[in-house]
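Single-letter residue listing:
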Amino acid sequence: MEYYNNILCYPSHLYYHSYSIGPGKGSIIDENYVSYSAYCQQAARGKINVVRQGKGEGNYALIEFASIPPKYRELIRAKYGDNMEDKARKQPFINNISKDYGAASYFATFTFPDGSSINCDKVDNIKLWTNNASILNAISIAWQKHINARAKMGKRPLKAKFFDDAAEFIRSEELMQRFENNLPRNSRTLQQKFFSYVKAENPYYTLIKMNKGNSNAEKITPKLVELLEFIARLDTRPYNTKVIEYYMEFMRGTREFFDKKTGEVLFNPADYLNKDGEIIEFTEGAVWQKLNNPRTQVILDKRRMGHKDFNDVHRPHVHRHNPFFSFSKITMDDRDLIWKDSATKKRIKAYYAYDVASGCRIGSSYSRDKDEALFMDCLRDMFVFIDRHGFGIPLEVEVENHLVRKFESALDQMFPIVTWCAPANSQQKRAEHFNRLVKYQVEKNNHPGVGRWWLKSKYNRISVDKVDDEFKQTMKPADRLIVDDIQDTLEYNNSPHSDQTRYPGMTRMQVLVENLNPNLPRFEKRFMYQYIGEATETSIRRSMYAFVQNQKYMLPHPEILNNLKPNNREVLAYWLPSSNGEIPEVYLYQDGRFLCTAQKLVDFNEAKAERTDADLEAKLVQDKYIAQFDAMVKKGNADMPKMDTIAISANEPDNS
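Below you will find a few notes about this structure. (Residues numbered from 1 in each chain as written. Predicted model: local features only at pLDDT ≥ 70, side-chain atom pairs only at ≥ 80, totals over all residues. Heavy atoms only, no water.)

1. Section: the nonpolar core
The condition is simple: Put simply, buried Ala, Val, Leu, Ile, Met, Phe, Trp, Tyr and Cys residues joined by side-chain atoms within 4.5 Å make one nonpolar core. A simple rule labels every residue: compare its accessible area, found with a 1.4 Å probe on the protein chains alone, to the largest value its type can have, and call it buried under 20%, exposed over 50%, or partly exposed in between. Under the DSSP-based scheme used, a helix requires at least four consecutive residues in state H or I and a strand at least two consecutive residues in state E, with every element numbered from the N terminus. Whether two residues touch is decided by their heavy atoms; if any such pair falls within 4.5 Å, the residues are in contact.
Residues F375, L379, F383, L411 and F415 are the most contacted members of the largest nonpolar core, which totals 42 residues. When residues of this core are assigned to their parent elements, the largest contribution, 10 residues, is made by helix α15 (residues 372–389). Leave out the neighbours within four places in its chain, and L379 touches M332, L411, M414, F415 and I532. Core analysis: the next-biggest nonpolar cluster, separate from the first, contains 33 residues, F110, W143, Y204 and L207 among them.

Now the structure itself:
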């Protein structure tokens with residue numbers, strides 16, 4: 001909405017539909033209120049009043065809002081709100097305002113007669129005066145357009161009305177957010193300031209106050225500053241104008257401040273009067289100077305910002321260097337893969353484990369859901385990697401609070417040191433840094449469209465297209481996404497280490513393998529599989545083997561039967577598949593007590609003519625176990641005589 005010749009108008013291109021090729025041409029890409037042909041008919045028949053034609057570069061047609069049919073008029077008013085007239089009055093100024101870099105340069109290099117420069121810490125400073133100039137420039141453009149429009153109608157400009165609107169614009173919070181200023185809020189005073197600015201030989205000079213500052217700030221005592229800081233910390237996050245308003249209401253007795261927990265009234269107006277018992281008054285600029293002190297800003301932002309924003313902007317952080325040995329510390333975190341799954345239109349979740357010293361990605365897992373299973377699968381994948389290479393247990397693991405806290409007890413048993421990262425603190429989690437490294441050093445070079453649309457760097461910023469009001473997104477099948485990620489991981493691990501000064505010519509994987517911490521605990525599968533392994537309930541069959549995943553696993557010795565609980569052959573088998581998917585061995589427990597490691601039972605060909613050396617070896621293992629079983633049974637009966645029993649009658653005489 002905007003005013004044209006003091007008529008409230010609505011742009012025509014927002015009234016009729018938007019088309020793919022041009023007005024009325026191609027398919028409709030955005031529905032507004034009427035078709036383009038209907039708009040043309042309404043204009044030709046005089047049902048709507050087009051007060052300005054869309055001729056000339058940068059111009060567009062304007063429709064008198066009052067002439068729009070009532071049903072569409074109500075829809076427009078519902079969209080823009082009841083205060084759309086006020087917004088429209090400010091529109092000419094908003095459209096023309098931009099930062100005046102010439103003013104900024106002038107004030108930055110200006111010197112006073114005594115040779116001193118403008119003090120940026122004072123109320124009247126370079127930024128404020130630059131904003132003043134930028135706003136007055138916008139008013140000047142709007143004023144000239146107003147004069148021209150009125151002249152075409154053969155009328156004189158409405159000076160009083162124009163500067164009333166300009167003053168209202170300057171008083172708006174919207175402007176103060178974008179261009180903080182100290183221009184006059186009164187329309188008559190603003191008019192005087194404006195004409196002295198535009199008519200001056202050097203307009204910028206008229207904005208400089210030769211007293212080099214404002215003594216208002218000196219009136220604000222430290223005690224009064226504490227009160228203003230308290231007001232500024234209110235949950236509504238008031239602007240400086242509102243801080244002064246609340247302060248004046250408090251001093252006049254029409255507002256109180258109280259403790260939300262206890263209800264106790266805080267502060268007494270009498271404590272803040274000057275030595276003459278009068279209310280201390282000051283300008284908005286004076287408040288700005290006090291509340292923009294760096295220490296004060298930190299204190300205020302602690303209340304105004306969220307935890308993560310405050311932590312990223314203000315809170316100091318520690319400075320670290322990488323460990324010297326691999327597996328001294330590993331770090332784990334999740335992320336979403338770059339594209340969505342084409343089947344579900346959802347992002348695939350990934351969980352990674354990294355060695356901090358080498359930067360190697362040593363564990364990965366994937367799922368459509370971010371849950372506990374995703375974390376455990378990553379942990380398992382990491383330990384398969386460790387077992388395959390014969391490494392020891394990492395000395396420290398760094399994990400997030402969310403999702404992983406459920407496994408706190410297990411992690412304390414598995415790793416000597418467990419570090420829990422604070423929530424929403426990406427600076428602390430090293431895995432976050434490695435995820436970014438993989439993304440922009442490997443993924444970006446292998447796949448198009450890697451980046452974010454809001455990034456400053458044009459090399460990492462991706463374009464965003466829309467079709468039918470929805471963003472176009474690249475999608476791939478889930479299995480393709482996972483394969484791509486695994487290939488990227490291999491390339492990343494075998495690319496040069498980031499610190500070539502410490503590790504010249506070495507890849508990340510070489511650094512990992514050749515710089516292992518010499519104090520790593522041994523990887524004991526029988527212990528670790530309780531926490532990371534898959535579990536299967538089974539039983540000992542024929543005193544020899546247990547079924548796990550449709551395979552037979554043989555006890556190492558028949559004497560294991562002696563360790564089972566009475567009349568109970570039920571056991572719990574822990575296992576993990578190897579890199580080729582096979583399960584070479586399982587670890588048997590009963591009621592939390594380790595029994596034995598059971599190797600996969602290998603059968604042999606019953607036809608003697610077809611037996612190979614492998615068959616003979618498998619038969620030998622089984623024959624040996626059966627022989628041990630027979631020997632155990634025989635030994636158990638060797639010292640026991642053959643017995644029989646006879647019943648003795650109670651009436652039979654004792655012949656002894």
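2. Quick look at the sheet that holds strand β18 (residues 545–548)
Keep this limit in mind: One requirement defines pairing of two strands: DSSP has to find at least two bridges between them. Angles here are taken between N-to-C directions and fall from 0 to 180 degrees, while the axes themselves are lines fitted to C-alpha atoms, restricted in helices to the stretch in contact.
An order of β17-β18-β19-β22-β21-β20 is seen for the six strands of this closed barrel, with the pairing classed as antiparallel. Taken pair by pair, the neighbouring strands of this sheet meet at an average axis angle of 40°, ignoring direction. Running at roughly 80° to strand β21 (residues 585–590), helix α20 (residues 525–532) makes contact with β17 (534–541), β20 (570–575), β21 and β22 (593–600) of the sheet.

3. Looking at the pairing of strand β9 (residues 330–341)
Most of β9 sits out of view: nine of its 12 residues are buried. Note: β9 against strand β10 (residues 347–355), eight bridges, orientation antiparallel. Residue pairing for β10: D334 is matched across the bridge by Y351. Here β9 folds back onto β10 in antiparallel fashion, the turn holding five residues, of which K345 has a positive phi close to 60°. As paired elements, β9 and strand β12 (residues 396–400) share two bridges and run parallel to each other.

4. Details of unusual backbone geometry
The phi angle at S543 is positive, at roughly 55°, despite the residue not being glycine. Within the element layout of this structure, S543 appears in the loop between β17 and β18. The residue D591 is not glycine, and still its phi comes out positive at about 55°. With respect to the helices and strands, D591 occurs in the loop between β21 and β22. Note on D591: relative accessible area 60%, which makes it exposed.

5. Here we look at the packing of helix α4 (residues 101–109) against helix α5 (residues 126–152)
Defined as follows: It is the rotation of the near helix from the far one that decides the hand of a crossing: anticlockwise by less than a right angle makes it left-handed, clockwise makes it right-handed. Each residue gets one of three labels, nonpolar for Ala, Val, Leu, Ile, Met, Phe, Trp, Tyr, Cys and Pro, charged for Asp, Glu, Lys and Arg, and polar for the others, Gly among them.
Where α4 meets α5, the axes come as close as 9 Å, and the angle between the chain directions of the two elements is 145°. You can see that α4 and α5 cross each other, and the crossing is right-handed. Between α4 and α5, the contacting residues are A103, A104, F107 and A108 on the first element and I126, W129, T130 and A133 on the second. Of the residues in the contact of α4 with α5, the class split is seven nonpolar, one polar and no charged.

Nothing here speaks to function; it is geometry throughout.
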